[in-house]
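# Structural characterization, general
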Amino acid sequence: MPRYTAPVEDMKFLMHDYLNLQQYNNLPCFQEATPDMIDAILEEAAKLTENVFFPINQSGDEEGCTWNDGVVTTPKGFKEAYQQFVEGGWQSLTGDPEYGGQGLPQILGLALNEMMISSNWGFAMYSGLTKGATEAIHQWGSQEQKDTYLPKMLSGEWAATMNLTEPHCGTDLGMLRTKADPQADGTYKISGTKIFISAGEHDLTDNIIHLVLARISGAPEGTKGISLFIVPKIMVNEDGSLGERNGVSCGSIEEKMGIHSNSTCVLNYDGATGYLVGEEGKGMRAMFTMMNEARLGVGLQGLGIAEVAQQNAVDYAKDRIQGRSLTGPKNPEAKADPIIVHPDVRRMLMTNRAFIEGARALAMWTGVQLDLALHHPDEKTREAADDLVALLTPVIKSYMTDQGVEAASRALQCFGGHGYIKEWGMEQYLRDSRIAPIYEGTNGVQAMDLIGRKLPAKGGEPVKAYFAMVQKFIEENKGNADLEKYTTPLEKALGRQQAATMWLMQNGMSNPDNAGAAAHYYLNLMALVMMGYFWADMAKKALEMLAAGEGNETFLRNKLITADFFFTNMLPETSALRVKVEAGAEPVMSLDADAF
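Below or above, wherever it landed, is the structure these notes cover. (Residues numbered from 1 in each chain as written. Predicted model: local features only at pLDDT ≥ 70, side-chain atom pairs only at ≥ 80, totals over all residues. Heavy atoms only, no water.)

### Quick look at the pattern of salt bridges
Within the structure shown, the criterion is met by 29 salt bridges. For the salt bridge of Glu166 with Lys194, the shortest nitrogen-to-oxygen distance reads 2.9 Å. Residue Glu166 is located in the loop between strand 3 (158-163) and strand 4 (179-182), and its partner Lys194 is located in strand 5 (residues 188-198); the two are separated by 28 residues in the primary sequence. Relative accessible area serves as the criterion here: at 0%, Lys194 is assigned to the buried category. The partner of Glu476 in a salt bridge is Lys472, with the nearest N and O atoms 4.0 Å apart. Linking Glu476 with Lys472, this pair stays in helix 13 (residues 461-476), spanning 4 residues, or about one helical turn. Salt bridges linked by common partners bring Asp10, Glu114, Glu307, Arg353, Glu357, Arg360 and Lys559 together as one network. (Salt bridge = Lys/Arg side-chain N within 4 Å of Asp/Glu carboxyl O. Helix = DSSP H or I, 4+ residues; strand = E, 2+ residues; numbered from the N terminus. Buried < 20%, exposed > 50% of the residue type's maximum accessible area, 1.4 Å probe, protein only.)

### Topic: the layout of surface pockets
The volume enclosed by the second largest pocket comes to roughly 1200 Å³. In this structure, the second largest pocket is lined by 45 residues; those nearest its centre are Gln139, Thr289, Leu370, Leu374 and Asp386. Elements represented by at least two residues in the lining of the second largest pocket include exactly helix 2 (28-31), helix 6 (106-140), helix 8 (283-319), helix 9 (343-375), helix 10 (379-414) and helix 12 (443-454). Of all the elements, helix 10 adds the most residues to the lining of the second largest pocket, at 8 residues. Residue composition of the lining of the second largest pocket, by class: 16 nonpolar, 13 polar and 16 charged. (1 Å grid on protein atoms, 1.4 Å probe; cavity = no way out; pocket = protein on both sides within 12 Å on 5 of 7 lines; lining within 4 Å. Points joined across faces, edges and corners; volume = space filled by probe spheres on them. Nonpolar A, V, L, I, M, F, W, Y, C, P; charged D, E, K, R; others polar.)

### Remarks on the packing of helix 14 (residues 484-507) against helix 16 (residues 553-570)
As a packed pair, helix 14 and helix 16 sit with axes 10 Å apart at the nearest point and diverge in direction by 30°. Our classification of the angle between helix 14 and helix 16 gives roughly parallel. The hand of the helix 14/helix 16 crossing is left-handed. Across from Lys485, Tyr486, Pro489 and Leu490 in helix 14, the residues of helix 16 making contact are Leu560, Ala563, Asp564 and Phe567. Looking at side-chain class alone, the contact of helix 14 with helix 16 contains 6 nonpolar, no polar and 2 charged residues. (Axes fitted to C-alpha atoms, helices over the stretch in contact; angles between N-to-C directions. Parallel < 35°, antiparallel > 145°, perpendicular 65-115°, else oblique. Left-handed = near helix turned anticlockwise from the far one by under 90°. Contact = heavy atoms within 4.5 Å.)

If you want it as structure tokens, here you go:
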């Protein structure tokens, strides 16, 4: 049977020591987030995820959701677990206090989200989608819409979804057919079919608030004609009570490769009453608020699944005896040594560890940037933080989810044949992980978003700021002999990314296929450089703490060992990625389609 222990010690190191959250206590969201409160939240979240959510993960996968005449029932124990989640106030953790939220930093919400994903991915999706919808309504909704929906959504009493995909269109939303017919009372009648709607129907809450993209009758074709609508499953009366059932129903749920415990629904809208969010024809802008929130959350799914898979692979590698160490028996009293003595097993475990801890640092730092973008009093600081988040969102979504699949696969590999067997739980982690590179915009779309939109945004100012941040760290630490083994390879890797960026500028415009062929490689190159920056910076902090006699010495020395592995075994991949970027489109596009 698998197990899960929340990585509270690493999260505390990142929040207290590395990121030093107390430096931000002049911001409203951090004023209540004292070190003691942060520790208490992390520890209580660990108890909830380890003891309530994790025990129903495997059983939830085996049972799955059931559909009966439009009614969806979640697996045994899910409704009770969700009630504990609501009663604990967890949905409101980072929400606006004006609508019942606790107003705490986004970084704490990211930590909670990671724990929930690791412990029970399918369960975590129900509340995760609600958070994204909350952000969209908070930013774009009318005051009446905020007052009507946000308190119940922030409390967790009501859930929410986002409805984009249709049977004939996914990424290309300009082909969307769902119609919105204006009514005399200012509402709209929504008609059409949406597919792949996660948590579209379930029994966890009394109401589900659907955010639906649709085209108002007479609106132009393409994305400029798309608007966003609130379509509640149950109509809400003026006094806030629930009224009649709206004209939306669940036609079926999908039989999927993974995340069986989350209902993936076909939703049919048959003249359902909808309420316009924001302006007509501005639906994509409003929906992107939710999509960007979701993309960061999906990135965390890659991290979260890697963490739990790694924990179980380490346990197995320490326990399973097979063969002898190449340097002589390490367990001479037994017939064989534990497989963790073998370099190839160590390679897989160290690769996972270096990814997990580096990705967590990137995610937590991004959480701080989200809080700065929302709450910092200086407009330029807010804008700079928002620009960095926008630049890195496709990188986080794509790289973390691709690596989440690889990490789950490596963890399963450590089990050998036992990993392929259901009872050990590893095959579920691999099955679950595979959806993350696909939904919320495939990773190929993320790479094209980075190349086509984020790099040239604002005349390239955000990517220049990113380069400057990494270069500043290198320059400030060049004279530190202890850090030279990190700063020297980081500077070379940064140079490779800058050269690849120039190549794209020179060759992407003349032949757009050059940009398309290079996009995936460029994104991964950028991700590795960013991870290198965080690993070098964390190594610096660990060395400083060791010199001062602070912190847990074993923890800090292990952090340095893992940093060394990243710089010698993972960052060198930037050399090959640059070569692949600059190979251009010809090797990719030359073969005639009929020859495939």
